[in-house]
Protein chains: 2
Amino acid sequence: MRGVSIVGIGHSKFGRRDDASLRELAFESVKEALEDAEMSTHDIEATVIGVANQFLTNQTQSGAIVTDYIGMNTKPSFTTVAACASGSAAIRAAWTAIASGLHDTVLVCGVEKMTEVSTSRVVEILGFAGDPKWEFRPTGITNPGTYAMFACAHMHKYGTTEKQLALVAVKNHKYGAINPVAHLRREVTVEDALKSRMIAYPLKLYDCSLISDGAAAVILASDEKAKKVTDTPISIAGLGCATDTAAMHDRADLTSLRSAVEASKQAYKMAGVSPEDIDVACVHDCFTIAEIMAYEDLGFCEKGKGGNFIEEEQSHIGGKTPTNVDGGLKSKGHPLGATGVSMAVEITKQLRGECGPRQVPGAEIGLSHNVAMHGTHCMVHIYRR
Amino acid sequence: MRGVSIVGIGHSKFGRRDDASLRELAFESVKEALEDAEMSTHDIEATVIGVANQFLTNQTQSGAIVTDYIGMNTKPSFTTVAACASGSAAIRAAWTAIASGLHDTVLVCGVEKMTEVSTSRVVEILGFAGDPKWEFRPTGITNPGTYAMFACAHMHKYGTTEKQLALVAVKNHKYGAINPVAHLRREVTVEDALKSRMIAYPLKLYDCSLISDGAAAVILASDEKAKKVTDTPISIAGLGCATDTAAMHDRADLTSLRSAVEASKQAYKMAGVSPEDIDVACVHDCFTIAEIMAYEDLGFCEKGKGGNFIEEEQSHIGGKTPTNVDGGLKSKGHPLGATGVSMAVEITKQLRGECGPRQVPGAEIGLSHNVAMHGTHCMVHIYRR
């Protein structure tokens, strides 16, 4: 199995992007990645596109349209889907294509255009990722509802508080405010967060991530090729991918995502590292409780101590494991298919030392944790300088 | 790059399956594949699911639901999308996962449930695979319309006749009638086909493939593992994947699919064979004209001679390149995500010599050709006994 590295990164501005269609967002990120790698489309052998949702733009082949628009015809391409982890699935598929020797260079683009429909329609559409037979049709439950159940269970079992949830939002907005590509670039206070309107108890508006348009791109190459292309290749040294039940009622435990625990075990083992070795992480904070569960599921802290971890600022820069110092899904934004690729872009920038005021000093090993829905899939990638 | 072989196959009955939901169809095919390989889910390391369309069943994570229902949690899984070629994309992704050494065994399941909505809604939904900006929204064009353009261009340039188109339907129904898993198991005559009602000139009802429910599954293993599991591994010796413009107006030629020509070149080169070596083929006859174009694009006959190829029965058993002797999309059916995997199942059965009355005697090398929409993607796989 040969090694695979990231040699180019690109990122559109996340936000409400009325100025750009889905294909134009993809192009923004791809153009930047090609420039970053000092490559042209002629140097790329294939593409994998991550797009999660066909309802948001009423089209079933966004991947084909992106491949066409970015000038990659007639080269190989397909799309990966794993709900909010679709971008990480694309990286995984591209990684195996290179590791197998089928290709030397593959471009991955994750993209989603979420603001063409109303907010209430977005919430409904995102609910379609649940189990239609047992949950979203009979009960009408959508994502805030499932994560509210996780939060209630965590508060009940471990004494996690609403204030600890709010502190996740405060941290992520603090860093998002200094990330030029973030959607909502403003700081918030604990008081703002705690008094924001209730969405699904105990989750308030500021506990929820954003509905954003955006795209991110990475160029992967075999280690051999990477050395020729760049002085700062970032190796994808560990891959983990695991799944869990579609229906919440089949879960034994609502305070942890089993898929995240399993995926991280795979990734740590493959990379030969342990949680203590992670210098910087991007985790899937679709809701604030999700970040607290991620600290625990990834082994950054003991089970049940996630609330303390944020309270002690262990996930801030200067803490034990700086997490979501790009703003996370909460402040940077969460354009579904783009999110996993955006995490890879951020970790690459961190390991290259290019993050300016939000740089984690001396970061050498990074981790991304990208979750589909309520943990139906989780993909964990480990990166090394 | 290590070799990858098929060690197990399974196939649901295709048809209007009011008796089975999407997850139940998937289970039918997976159960059969596990039994065929004499394996249990414990022997499988990961799954890749091919599902094309989220609108047909109003759910965006069918892949997660299938993975759950077939008992493959918490192992790795994701879904591939490339419209009607989604199943072949799943095989490609699984192939690279094994060839890379990441996994030794991967289960691929392609599935689609198309009959939960009305036929007119299916046609509308399938149109969402076109270019929304330039074609399906402004003009309302859907699949029969695009293939009607191909047919008109082919008739104009090469003198292909409506009768030659009808002969493709006659052949495919002849073989579909003796395929136990086929949707429409009855023979049709040239006269039936020619007098069936017009859909989009020159394509009549009998020139169009079916709207079907169904699933198919294959178990892939490294060659080394495959030899331990079965006496009849079928090697996937060549892979090709290519793309083309989303908008028809960007095409230089409407008598050929550039993606099919490019994908077949890649696959022939990788497998070290030429069109003359192919003993049996499954091609994407979503419309009869598509099969005639496939003969030419794959090099089974000269460009423009596809009409003669069917007239001379060169694609019948006993002819030069027996094609779609399982009934094809036309008679066996076309449950989008299942189709590419169904082709792999059929070719495996042919190369194992298990096809009974529709067996191509002594078949050693087979080919599948799976097209997305009007050629936005084409995946060609070459199989060896």
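On a predicted model such as this, the values are computed, not experimentally measured, just so you know.

1. Regarding the overall build of chain A
The number of helices and strands found in chain A is 14 helices and eleven strands. Over its C-alpha atoms chain A spans a radius of gyration of 19 Å, differing by no more than 12% from the 21 Å that the globule rule assigns to 385 residues. Summarising its shape, the C-alpha atoms of chain A cover approximately 55 × 45 × 40 Å along the three principal directions. When each of the 385 residues of chain A is scored for burial, the buried share is 68%. Long-range contacts, defined as pairs at least 24 residues apart, comprise 77% of the intrachain contacts of chain A with a sequence gap of at least 6.

2. Thoughts on the interface of chain B and chain A
Listed per partner, the contact involves 65 residues of chain B and 65 residues of chain A. Note on chain B versus chain A: buried area summed over both sides is about 4,800 Å², and carbon and sulfur give 54% of it. Ranking the residues of chain B by area buried against chain A places Gln61, Thr74 and Phe78 of chain B at the top, with a combined share of 14%. Taken together, the links from chain B to chain A amount to two salt bridges.

3. Details of unusual backbone geometry
In this model, Tyr201 of chain A is joined to Pro202 of chain A through a cis peptide bond whose omega is 5 degrees. Following the sequence through the fold, Pro202 of chain A ends up in the loop between strand S5 (198-200) and strand S6 (203-204). The amide bond that connects Asn73 of chain B to the next residue, Thr74 of chain B, takes the cis arrangement and shows omega of 5 degrees. Inspection of the secondary structure assignment puts Thr74 of chain B in the loop between helix H2 (62-69) and strand S3 (77-81). With a phi close to 60 degrees, Glu313 of chain B is a non-glycine residue in the positive phi region.

4. Quick word on the packing of aromatic side chains
This model, assessed by the stated rule, comprises eleven aromatic pairs over all chains. An angle of 70 degrees between the planes, with centres 5.1 Å apart, marks the rings of Tyr147 of chain B and Phe150 of chain B as edge-to-face. Residue Tyr147 of chain B and its partner Phe150 of chain B are both found in helix H6 (residues 143-158); the two are separated by three residues, about one turn of the helix. Both residues of the pair, Tyr147 of chain B and Phe150 of chain B, count as buried. Connected via pairs of aromatic rings, a cluster forms that spans Phe55 and Phe128 of chain A together with Phe55 and Phe128 of chain B. Here the guanidinium or amino end of Lys133 of chain A rests over the ring plane of Trp134 of chain A, the centre of that ring lying 5.3 Å away. In this arrangement the basic side chain of Lys330 of chain B is found over the ring face of Tyr206 of chain B, its NZ or CZ atom lying 5.6 Å from the centre.

5. Digging into the relation of the copies chain B and chain A
When chain B is brought onto chain A, the operation consists of a screw motion whose angular component is 180 degrees and whose axial shift is 0.0 Å, with 0.0 Å RMSD remaining. The transformation relating the two chain copies, once decomposed into turn and shift, fits a two-fold axis. Identified as the residue of chain B closest to the rotation axis by C-alpha distance is Ser100 of chain B, at 1.8 Å. The residues that chain B uses at the interface reappear at the interface of chain A in 100% of cases, marking a shared surface.

6. Examining the environment of Ala182 of chain B
Residues and elements named next belong to chain B. Here Ala182 is to be found in the loop between helix H7 (162-176) and helix H8 (190-195). Considering only alpha carbons, one finds Ala182 and Val4, 178 residues apart in sequence, at a separation of 28 Å. Those residues in contact with Ala182 that lie beyond four places of it in its chain are Lys13, Phe14, Gly176, Ser331 and Lys332.

7. Section: helix H14 (residues 336-352) of chain B
Residues and elements named next belong to chain B. Across its 17 residues, H14 extends 25 Å between first and last C-alpha, which sits within 8% of the 24 Å expected from 1.5 Å per residue. Summarising burial for H14: 16 of the 17 residues are buried, a large majority. Backbone geometry just after H14 places Gly353 at a positive phi near 75 degrees.

8. So, the pattern of salt bridges
Residue and element names in this part refer to chain B. All chains considered together, the criterion is met by 42 salt bridges over all chains. Among the ionic pairs, Asp19 bridges to Arg17, the shortest N-O distance being 2.8 Å. The class for Asp19 is exposed, based on a relative accessible area of 56%. Taking relative accessible area as the criterion, Arg17 reaches 9% and is therefore assigned buried. Across the pair Lys171 and Glu291 runs a salt bridge, and its minimum N-O distance is 2.8 Å. Separated by 120 residues along the polypeptide, Lys171 in helix H7 and Glu291 in helix H11 (residues 288-297) bring together distant segments of the chain. Relative accessible area serves as the criterion here: at 0%, Lys171 is assigned to the buried category.

9. Remarks on the environment of Ser118 of chain A
Note on placement: Ser118 of chain A falls in the loop between strand S4 (105-112) and helix H4 (119-127). Sequence separation between Ser118 of chain A and Ala99 of chain A is 19 residues; the distance between their C-alpha atoms is 42 Å.

Scoring rules and cut-offs
Residues numbered from 1 in each chain as written. Chains lettered and ligands numbered in written order. Predicted model: local features only at pLDDT ≥ 70, side-chain atom pairs only at ≥ 80, totals over all residues. Heavy atoms only, no water. Helix = DSSP H or I, 4+ residues; strand = E, 2+ residues; numbered from the N terminus. Rg over C-alpha atoms; globule rule 2.2 N^0.38 Å. Buried < 20%, exposed > 50% of the residue type's maximum accessible area, 1.4 Å probe, protein only. Contact = heavy atoms within 4.5 Å. Buried area = accessible area lost by both parts, 1.4 Å probe. Salt bridge = Lys/Arg side-chain N within 4 Å of Asp/Glu carboxyl O. Phe/Tyr/Trp six-rings, centres within 6.5 Å; stacked < 30°, edge-to-face > 60°. Lys NZ or Arg CZ within 6 Å of the ring centre and 35° of its normal. Least-squares fit on C-alpha atoms with pLDDT ≥ 70 in both. Expected span 1.5 Å × (residues − 1).

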